[in-house]
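# Survey of secondary and tertiary structure
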Amino acid sequence: MTHVVLESCIRCKYTDCVDVCPVDCFREGPNFLTIDPDECIDCAVCIPECPVNAIVPEEDVPGDQQHMIKLNGELAKKWPSITKSKGGLPDADDWKDKTGKLDQLVK
């Protein structure tokens with residue numbers, strides 16, 4: 001089992017979750033973080049760190065976010081590892097409460 005980053009991370013990319021990950025499973029794209037499903041050990045320490053509640057166990061991914069399971073796996077293969085937190089995107093606070101942001105994802 002793994003954890004999944006949901007659409008709510010798009011255009012926010014807060015990285016609070018990165019510092020607590022014991023296996024460095026986060027990958028960084030231009031405006032989104034993903035979890036490498038091959039690296040995640042399902043420890044759940046990242047979940048409470050996300051200020052937009054974008055990380056959930058795979059079995060708890062809502063129906064309207066099921067596409068994010070596959071997307072996390074695909075993007076994790078292409079994006080580099082991120083192991084240190086940095087600030088969110090400059091306009092993250094403007095986007096943190098918005099939904100339906102998949103069309104904003106930069107791959």
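Our structure's up above, just so we're on the same page.
A brief report on the enclosed structure follows. (Residues numbered from 1 in each chain as written. Predicted model: local features only at pLDDT ≥ 70, side-chain atom pairs only at ≥ 80, totals over all residues. Heavy atoms only, no water.)

## Observations regarding the state of the cysteines
All chains considered together, the criterion is met by zero disulfides. The structure places no disulfide on Cys40, whose sulfur is separated from the nearest cysteine sulfur, that of Cys25, by 4.6 Å. Using a relative accessible area of 13% as the deciding quantity, one classes Cys40 as buried. With no disulfide partner, Cys43 has as its closest neighbouring cysteine sulfur the one in Cys21, 6.0 Å distant. (Disulfide = S-S within 2.5 Å. Buried < 20%, exposed > 50% of the residue type's maximum accessible area, 1.4 Å probe, protein only.)

## Details of the pattern of salt bridges
Two side chains of opposite charge can pair, provided their charged atoms sit close to one another. What the rule picks out here adds up to five salt bridges. Across the salt bridge formed by Glu28 and Lys13, the nearest N and O atoms sit 2.8 Å from each other. Here Glu28, found in strand β2 (residues 26–28), pairs with Lys13, found in the loop between β1 (3–5) and α1 (16–20); they are 15 residues apart in sequence, far enough to count as distant. For the pair Glu28 and Lys13, one class covers both residues: buried. Lys70 serves as the salt-bridge partner of Glu74, at 3.7 Å between the closest nitrogen and oxygen. Here the residue Glu74 and the residue Lys70 both occupy positions in helix α2 (residues 67–78), the gap between them amounting to four residues, near one helical turn. Judged by its relative accessible area of 60%, Lys70 is exposed. The network of salt bridges with shared partners includes Lys13, Glu28 and Lys86. (Salt bridge = Lys/Arg side-chain N within 4 Å of Asp/Glu carboxyl O. Helix = DSSP H or I, 4+ residues; strand = E, 2+ residues; numbered from the N terminus.)

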